[in-house]
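One letter stands for each residue in the lines below.
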Amino acid sequence: MRKIYRISLLLVVTLIYSTAINAQTITQKESEEIKLAAKRKVQNGLKDLLNFITDESIGDAEKLATIKDSYSSSTIQVFYNNQTILEDDINPNYFNGNNIHDMSVEKYLNTLDILYTKTIESSIDINVLSLSNVKQAAGLMYIKVYFESQFKNSHKTIKLAYKKTLRVAELRVERSGKKWVANVTRVAFGDAADENGKNDIVLKENNDPSVSTTNIEPETNQAEESQKKELNEFTQLLADADDAFKTKEYEIALQAYSEALKKEKDEYGKTFYIKKQVSLTKREIQKEQELKKQEAERQLQKQKEQNYTRLINEAKSLERRRIYEKSIQQYQAAFRIMPDSAYLYQDAVRNLNKELSIKTEADEMFLAGNFKELKKKYDSYLKKDRSNPDYFLGRAKCSIQLGDSPKYILEDLNEAINLDFQNTAAFIARAEFYVSQSNIPKAIADYTSFLNIEQDSASVYAIRASLKIRTNNIQGAFEDYDKAVILDKKNPKYYYERASLNTQNGTWQKAIADYSEVIALDAKMVLAYYYRGDAYYNLKKYKEAGQDFSQAQNMQVAESFVDIIRQRSEEFFASGNKALDGKDIALALTNFTNSILILPSNYRSWFKIGECYQENNKFIEAIENYTTAIKHNENYDDAFYKRGLAKYRLGRYNESLEDFHKANEIVSNYYDAIFYEARTLMQLKNFKSAITLFQKIKIAKPTIEKSFSKEFFANSHMYAGISMIEEKYIAEANNELSLAIKLNPNLSEAYYYRGLTYNELNKQESALSDLNQTITLGPNNYKKEMARGIALFYMGNYAPAASAFQESINLDTLKKNYYDGYKMKAYSLFKLDQHTQASEAFVNALENKSDQEGESLFRDLATSYLFDGQSSKALSIIEQVLKNNPNNSEVNYLLACYYIQTQKIDEALKVLEKLFVANAIDNSFIKKDRLINVINSNFRSSKEYKALLKKVSK
C-alpha cells in the first residue's frame, strides 16, 4: 500500500509542475535517445553534483551558486525545479523505504554539505542498474532510472556506517530543439523489481513516405560531423588546461578551464570536474600570490638589513676620513632603519659631535680668512694633542694661505699622513700643494694614494688624468677618464674632458661619442656642439659638422669659434671658385656644397651653387639656391639678378621682372639688371617701358663705358631698335640699329631688323643689303629669307624674290610662316606669268591660312587659273567665294572672265552689265585689264561688247 501511494505521489507531483498536453508517440530511436539522456543525467549529473558539494576544496560561495544552478536553467541543471523532492538518505538510518523523510532539493543539498564528512576525493558512488521504458501520464512523458547508491564517508553526528541503497529517480522528459532533455523530478528508495510497465508509451514505426533515409542521412551526417568537431575542440581545450595545471602554469590553466566550461553542454559529463579544477586552480593561484607576498616581505627585510649595514660602514668610512657631519647623518639614517641598534654606537656619535664642533669653528674661521688666528688655535691644539692628524692638516692649510715656508707646510702635511695613512683629506691637500709647486709626479703619487683608499672618487680620477696629460702619459689619462666615467655616468664634465683628450689625440670617432654623451646629459654645453662639429669636420662629414656648428652659433658660442667656422667655410668657397675658373663644375659644386654644409648661412656659396646649376641649364635648381642665398642676405643684389635671369630662361617673365626690379632697388643703376628688365618687358609686350630703360643705358653710356663691353651697348641699341619697330617708330628704330651695327659689325640680328626698317622706309636696296649681310653672318632662318624676299619683290626682282620665299619655307620647320611664304611666292610667280606654279603656291598658302585670311587669296588663285587656261578650276574657286559673298565685285568680274574664256558671251555680258550698273567697273578698267586681253583679245572690239557699252551708257 505504501509503494502504491509513493508512485501515485510521484505522478501527482509531476502534474503539479506541468501543463497537460496531448498524448505523444515516439519512435524506437527517440526512445533510445531519451534513455541515454536520462542515464547520463543520473550517472554523471547527479553523481558529479553530490561529489562536488562534498568536496572540501570547493568554497562555500561556489557551492551555493552550484546548488542554485542545479535546479535552474544552466549547463549543470540536474533537477526540474526547486520543488523537486528527494527522500532523505543522508541520515544513515534511512536506507530503504521503511523510513521516509522527504526533503526539497535545496534542503537536501545543504544538509549534505553540512552533515556529510568531506574529502577532496569523490566519496559518493552512483551505479545505474536499469531504466524503465518511456512513460506517459496525463500527456506528460517521464522515465524512471533505477540505481545503486553508496556513501563512502561518514555522517558528522551519527556514528553509523552508510549502507548501499537502491534508489529510483523519476525524470521529466521534454524535447528541446532537436534533442531530448531529462531532468529529475523526484528521487526515492526503489527497486527495479517493482517496475510493472504501467503507462509505457507504445513505440511507432517510421513509415512516413515523406521522410526518406536518403533525405535525412546528409543532414544527420552533417550534424554528427559538427558535434564531433565541437567535441574534439572541447577535449583538446580541456587537455591543454590539465597540462597547464600539471606544469603549474595556473593562470593559463584557469583561462583554459574557463573557456572549456563555456563550451561544456552537459553532454560531455565534465562540468563538475571543470568547476572543481577551476576552484583548485584559483586556490593554487592564491597560494602563489601569498608566497610572492611573503617573498617580497622577506626581500624587503633583507634590503633593510643590507641598507643598515651599508649605512653603518659608510658612517665609519666617513669618520675615518674626518667627514664628521656626513658620518653622523649616516649613523642617524641607519638608526631610523633599526632603532634598537642606536645604543651600540652612542660613544662614536658623541665623539663625532665633539670633533664636528671643533671642525665647524675652524672651517668658519678659514672661510672668514682668519688664517693667523686659526693657525694659533691649531698650535694650541697640537701642544695638547699631537696625535690628531687633523690639527697638522689644518695648520698646513693655514700656512699655505699665509704663504709660509713650503718646507714647514710639507712637514705638517707629511705628519698628518704619517699619523693616519687613511687620511684622504691630507693626501688631497698635499697633492694640491705639490701641483702648486709644479711637482706633478708627486702630486700624481698622492692622488694615487688617495684612490687606493677611496676607489670610487670619479673627480680624483679626472684630476689625476689631467696631471698625466701634463706628463705626456696619454694612455694613463685615458684609463683614469674611463674610470671617472664608469663611476659617475651622469656627469658631463668627465665625458667632455675625455672627449677633449680624444680631440687632442685625433681619435675623432671616440671624441664624437663622448661629446654626444655630454650633449645628452647637458644640452646647454655649447662647446660640446662646437668640438663635436670639429670632429665631424676632420672626418669629412660636413653635413653633421655644419649641424653642430649651427647649433653652437645659435647658442652664442664665442666669436673666436665662429671665426674658425667661417674660415673653414670660406676655404671651401675659395676652392669652389678655383674649380669654377677651371670649368670643373662638378668639383666646384662639391666645394660650394661643403662650404654651406659647414656654414649654412654662407650666402655667397649658395649663390655660387646657383651659378653652377645655371651654367648647366638647370634653372629650377639654380632658382632654389639663389632663393636660399637671398634668405640669408635679403639685400643680395646679384642673387636677385641671377635668379631673374634663371626665371627669364624658363619664361617666367612676371617673376623675373620683379627680381630685376629688386636688384635695381638694392643697387641703383645696376645696368645689367636694367638691360634684362627691359628685355623682360619686351617679352611681356610692354615695348614703351622697355624703350625707356634702354634709353637710360644709352644716356649713361659715357660714364659707364669703361665698365661694360661694346657688345653690351650694341645689344642695348639693337633691342631698343626692335622695341621701336613694335611701336612703329621706324626711323628711330633704324637709327638705334645703325648704332648697334657700328659698335658690333657682326651683330647679325641687328642687320635683320634694320633691313626690316629699310623695307618699311621703302629703301629696298638698303634693306636687301642688310638682309644679305644678316644671312652671311648667320645663322640663317625663315624670317631673314622672308624679309629679303619682300625687299626683292618690291624692287621688282620677282625671280630671286620667289627663290627667297621658297628658302624661307624650307627653313620654317615648324610651319609658323607657311601662309605668308607661299602667298608671297605665288605673287612673285604671278608677276613672272608662271601661273601654273603660282596656282600651286596659292593652293599651299590656302592650306595654311587662318580663319580670318583667304578670300583675297582665293580671288588671286582663280585669276592665276584663268591666266593658265584652267577654266574649270577657276570656276570652282569662284563659286566657292560667291557662295559665301555673292556681292564680291572682284570675283564676279572673274566669273565674267571665265564666261568669256569658255565662249559663254551672253552670260559674260550679263555679269558685266551688273558690274557696270553697280559702278564696280567701267570701260577704262576693261581696256587696262590684262586678263581679258590674254583670254580673248578680240572681246573688247566685238559688236556684243560695244552693244553693252551703248546700253549701259544710256
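Residues numbered from 1 in each chain as written. Predicted model: local features only at pLDDT ≥ 70, side-chain atom pairs only at ≥ 80, totals over all residues. Heavy atoms only, no water.

Observations regarding the overall build of the protein
Thought 1: Within the protein one finds 43 helices and 7 strands.
Thought 2: On C-alpha atoms alone, the protein measures out to a radius of gyration of 61 Å, which is more than a quarter above the 30 Å that the 2.2 N^0.38 rule sets for 954 residues.
Thought 3: With respect to the three principal axes, the spread of C-alpha positions in the protein is 170 × 130 × 40 Å.
Thought 4: When the 954 residues of the protein are sorted by exposure, 46% land in the buried category.
Thought 5: Of the contacts made within the protein by residues no fewer than 6 positions apart, 55% connect residues no fewer than 24 positions apart.
Thought 6: Looking at the protein as shown, the accessible area adds up to about 50,400 Å², and 48% of this sits on carbon and sulfur atoms. (Helix = DSSP H or I, 4+ residues; strand = E, 2+ residues; numbered from the N terminus. Rg over C-alpha atoms; globule rule 2.2 N^0.38 Å. Buried < 20%, exposed > 50% of the residue type's maximum accessible area, 1.4 Å probe, protein only. Contact = heavy atoms within 4.5 Å. Areas by Shrake-Rupley, 256 points an atom, 1.4 Å probe, with all protein chains shown as cover.)

Looking at the packing of helix α3 (residues 60-70) against helix α4 (residues 105-115)
Thought 1: At a closest axis distance of 10 Å, the pairing of α3 and α4 adopts a crossing angle of 150°. It follows that α3 is roughly antiparallel to α4 by the angle criterion. Seen along the crossing, α3 lies across α4 with a hand that is right-handed. Facing Lys-63, Leu-64, Ile-67 and Ser-70 of α3, the residues of α4 in contact are Glu-106, Leu-109, Asn-110 and Asp-113.
Thought 2: Counted by class, the contact of α3 with α4 contains 3 nonpolar, 2 polar and 3 charged residues. (Axes fitted to C-alpha atoms, helices over the stretch in contact; angles between N-to-C directions. Parallel < 35°, antiparallel > 145°, perpendicular 65-115°, else oblique. Left-handed = near helix turned anticlockwise from the far one by under 90°. Nonpolar A, V, L, I, M, F, W, Y, C, P; charged D, E, K, R; others polar.)

Brief notes about the environment of Arg-322
Thought 1: The residue Arg-322 is located in the loop between α7 (271-320) and α8 (324-337) in this model.
Thought 2: Beyond its immediate sequence surroundings of up to four residues, Arg-322 is in contact with Lys-359, Pro-389, Asp-390, Asp-420 and Asn-423.

Some thoughts on the UniProt feature "repeat: TPR" (unreviewed entry) in the protein
Thought 1: When the UniProt feature table is mapped to this numbering, "repeat: TPR" (unreviewed entry) covers residues 526-559, 603-636, 637-670, 748-781 and 855-888.
Thought 2: Measuring from the first to the last C-alpha atom of residues 603-636 gives 9 Å, for a span that is 79% helix and 0% strand.
Thought 3: The span residues 748-781 shows a helical share of 79% and a strand share of 0%, and its end C-alpha atoms are spaced 11 Å apart. (UniProt positions renumbered as here; feature names shortened; annotations may be inferred.)

Here's the deal with the nonpolar core
Thought 1: Formed by 73 residues in total, the largest nonpolar core has its most connected members in Tyr-641, Phe-694, Ile-697 and Met-718.
Thought 2: Element by element, the count of residues in this core is highest for helix α29 (residues 710-726), at 9 residues.
Thought 3: In this structure, Tyr-641 is in contact with Phe-660, Ala-663, Tyr-670, Asp-672, Ala-673 and Tyr-676, ignoring residues within four places of it in sequence.
Thought 4: If you look at the next biggest cluster of nonpolar residues, it comprises 69 residues, including Leu-451, Val-460, Phe-478 and Leu-501. (Core = buried A, V, L, I, M, F, W, Y, C linked by side-chain atoms within 4.5 Å.)

With respect to unusual backbone geometry
Thought 1: The backbone of Ser-438 sits at a positive phi, close to 60°, despite the residue not being glycine.
Thought 2: The topology assignment puts Ser-438 in the loop between α13 (424-436) and α14 (440-453).

Points about the side chain of Asn-423
Thought 1: For Asn-423, the location among the structural elements is in the loop between α12 (406-419) and α13.
Thought 2: Setting aside chain neighbours within four positions, we find Asn-423 in contact with Arg-322, Pro-389, Asp-390, Leu-393 and Ala-416.

As for the pattern of salt bridges
Thought 1: With the rule as written, the count across this model stands at 48 salt bridges.
Thought 2: In this structure, Asp-89 engages Arg-167 in a salt bridge whose closest nitrogen and oxygen atoms are separated by 3.4 Å. In this pair, Asp-89 sits in the loop between β1 (85-87) and β2 (102-104) while Arg-167 sits in strand β6 (residues 165-176), placing the two residues 78 residues apart along the sequence. You'll find Asp-89 and Arg-167 in the same group, each marked buried.
Thought 3: For the salt bridge of Asp-125 with Lys-152, the shortest nitrogen-to-oxygen distance reads 3.0 Å. Highlighted residues: Asp-125 in strand β3 (residues 124-131) and Lys-152 in the loop between β5 (140-151) and β6, separated in sequence by 27 residues. (Salt bridge = Lys/Arg side-chain N within 4 Å of Asp/Glu carboxyl O.)

Digging into the environment of Asp-584
Thought 1: Along the chain, Asp-584 turns up in the loop between α21 (559-581) and α22 (585-598).
Thought 2: Sequence-wise, Asp-584 and Met-824 are 240 residues apart; in three dimensions their C-alpha atoms are separated by 51 Å.

Some details on α22
Thought 1: Over its 14 residues, α22 extends 20 Å from the first C-alpha to the last, a length consistent with the 20 Å expected when each residue adds 1.5 Å.
Thought 2: Those residues of α22 hidden inside the fold are in contact with α19 (526-538), α20 (542-554), α21 and α23 (603-615). (Expected span 1.5 Å × (residues − 1).)

What to know about the packing of aromatic side chains
Thought 1: Counted by the stated rule, this structure contains 47 aromatic pairs.
Thought 2: An angle of 70° between the planes, with centres 5.6 Å apart, marks the rings of Phe-245 and Tyr-250 as edge-to-face.
Thought 3: For Tyr-250, a relative accessible area of 8% puts it in the buried group.
Thought 4: Considering the side-chain rings of Phe-708 and Phe-713, the 6.3 Å spacing of their centres and the 75° angle between planes classify their relative orientation as edge-to-face.
Thought 5: Over the face of the ring belonging to Phe-95 we find Lys-163, whose NZ or CZ atom lies 4.1 Å from the ring centre. (Phe/Tyr/Trp six-rings, centres within 6.5 Å; stacked < 30°, edge-to-face > 60°. Lys NZ or Arg CZ within 6 Å of the ring centre and 35° of its normal.)

A look at the confidence of the model for the protein
Thought 1: Model confidence for the protein is summarised by a mean pLDDT of 89, while 95% of its residues fall at 70 or above.
Thought 2: In the model, residues 1-21 has pLDDT below 50 throughout and makes 32 contacts with residues more than four positions away in sequence or in other chains.
Thought 3: Scored below 50 in pLDDT, residues 209-216 shows 3 contacts in the model against residues more than four places distant or in partner chains. (pLDDT = per-residue confidence, 0-100.)

Focus: helix α16 (residues 474-487)
Thought 1: With 14 residues, α16 should cover 20 Å at 1.5 Å per step; its first-to-last C-alpha distance of 20 Å lies within 8% of that length.
Thought 2: Listed in full, the buried residues belonging to α16 are Ile-474, Gly-476, Ala-477, Phe-478, Asp-480, Tyr-481, Ala-484 and Val-485.
Thought 3: Here the buried face of α16 lies against α15 (458-470) and α17 (492-505).

What to know about the pairing of β5
Thought 1: Within β5, 11 of the 12 residues are buried, which leaves it mostly tucked inside the rest of the structure.
Thought 2: For β3 and β5, the ladder comprises 7 bridges, and the chain directions are antiparallel. Each bridged residue has a counterpart across the sheet, and for Ile-126 the counterpart in β5 is Ser-149.
Thought 3: One ladder, built from 3 bridges, connects strand β4 (residues 135-137) with β5; its direction is antiparallel. (Pairing = 2+ DSSP bridges.)

Some words on the environment of Glu-855
Thought 1: When you line up the elements, Glu-855 lands in helix α37 (residues 855-867).
Thought 2: On the basis of relative accessible area, Glu-855 is assigned to the partly exposed category, the value being 38%.
Thought 3: Considering only alpha carbons, one finds Glu-855 and Asn-884, 29 residues apart in sequence, at a separation of 9.7 Å.
Thought 4: If near-sequence neighbours (up to four positions away) are discounted, Glu-855 is found in contact with Val-881, Asn-885 and Asn-888.

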